[in-house]
Amino acid sequence: MISITGKIVFGFSGSDVVEKSIRLVRFATHRPLIVSTYEAHHGANATALSASPTKKEMGTNVLSSFFQLPGFIHIPFPDPYRPWFGDRVNEGQQCLDFFERLITNVYSAGLVAGVIVEPVLSYGGNIVPPEGYLKGLQKICRRNAIPFIVDEVLTGIGKTGKMFALEHWRLDPDLVCIGKALSGPLPLTLAVASNQLSDSWEAKDYVGISKDGYILGCAAAIEILRIVHDEELVANAARVGIYLKNRLDDMMKDLKLEGDVRGLGLMMAVDLVGSEKTKEPATSLVEKVINLARRSGLIIGRVGAKGNVIRFVPTLTVAEKEVDNALEILEAAISKTRS
Ligand SMILES: Cc1ncc(COP(=O)(O)O)c(C=O)c1O
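Because the structure is a prediction, the values reported are computed rather than measured.

(A) Quick look at the site of the ligand. As a structural note, the neighbourhood of the ligand is formed by 14 residues, with Gly14, Ser15, Gly43, Val153 and Leu154 the closest of them. A total of three residues in the shell around the ligand trace back to one element, the largest contributor, which is helix H1 (residues 14–29). Counted by class, the shell around the ligand contains four nonpolar, eight polar and two charged residues.

Below you can see the structure in the form of structure tokens.
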């Protein structure tokens, strides 16, 4: 569970609560710079987009650069399968060294208002950071009095098999963003901030939005949290998540596929490649498979810079039988592309 003693800032979307978190840490620290990771997705307003440097958000449209605000710097998110620094074993530490060097030699740590990170890099390819990375990032932040923000908009409320993904690494951030599954289809998001941060954000500096704390969203969230608790849905996500991973591992062997099965809990993905040696993304195969699967009633998305990572984030109530149905459709779609 999160153990932050502090206050909650309400929002109506994940993007909104990310923007409010960034405003909050800037007001609290009187510093300008926000650090986020390459290929993160923190939302779709100008502030969140500026913290989300991906090909889609920065590189495919000539207008994208207009949505990049000043005051954002970016660091690599460790990727053990395709390491930035070529060494999968030490990838986490090398990314931490990069960050530390950046705020020592290039910028001053005293200018950094906050670091925002996803516990699992979702749209970047469903990448789970190596052991020690997030704790190490938090440690560097603490050493430099930089607020540490964990964006749990996607991972929160059980999706990774814990109520919040940060529990996997026993993190205690200064601010946590929560959204999506919290209120299902109704708008309600939260930034849970430590007292130290929230007390320094004076009411006179707060500009709200008319739908902040949307009442129907609050009602939905209370009921959803009750159901998640009473029906032990987080334990269900952990159990079915392991089942999904095992089924995907078996599928890789049975169909002689090359690539990487990775994820946490129900946030599970398959990174398909042409060959394990080159790790060349099997983008067109994945595109065909997803279209075929959709025609048979299975809707799955693809993530990763090259669109070759098939990602599952099923609802918390999913059962093993539904995983079996989904995998049958997926396997049939893959086999069909080969016939
Ligand atoms: C980690 C993360 N943060 C923020 C957002 C933005 O949330 P919203 O779409 O509700 O604005 C998303 C959306 O996908 C997300 O995955």
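(B) How the structure looks around the pairing of strand E6 (residues 175–178). Burial of E6 is two-sided: the residues Leu175 and Cys177 facing one way and the residues Val176 and Ile178 facing the other way are all buried. Sheet topology note: the strand E5 (residues 148–151)/E6 ladder contains three bridges and is parallel. What sits directly across from isoleucine 149, in E6, is leucine 175. Pairing analysis gives four bridges linking E6 to strand E7 (residues 189–194), with the strands arranged antiparallel. Residue isoleucine 178 lies in a different strand from E7, and its bridge partner there is leucine 190.

(C) Summary view of the packing of helix H4 (residues 91–106) against helix H5 (residues 133–143). The interhelical angle for the contact between H4 and H5, taken along N-to-C directions, is 20°, at an axis separation of 9 Å. On the basis of the axis angle, H4 is roughly parallel to H5. Regarding H4 and H5, the two cross each other, and that crossing is right-handed. Contact residues: H4 offers Gly92, Cys95, Leu96, Phe99 and Glu100, while H5 offers Tyr133, Gly136, Leu137 and Ile140.

Conventions and cut-offs
- Residues numbered from 1 in each chain as written.
- Predicted model: local features only at pLDDT ≥ 70, side-chain atom pairs only at ≥ 80, totals over all residues.
- Near = placed C-beta within 6 Å.
- Helix = DSSP H or I, 4+ residues; strand = E, 2+ residues; numbered from the N terminus.
- Nonpolar A, V, L, I, M, F, W, Y, C, P; charged D, E, K, R; others polar.
- Buried ≥ 20, exposed ≤ 12 C-beta atoms within 10 Å, placed from the backbone.
- Pairing = 2+ DSSP bridges.
- Axes fitted to C-alpha atoms, helices over the stretch in contact; angles between N-to-C directions.
- Parallel < 35°, antiparallel > 145°, perpendicular 65-115°, else oblique.
- Left-handed = near helix turned anticlockwise from the far one by under 90°.
- Contact = placed C-beta atoms within 7 Å.

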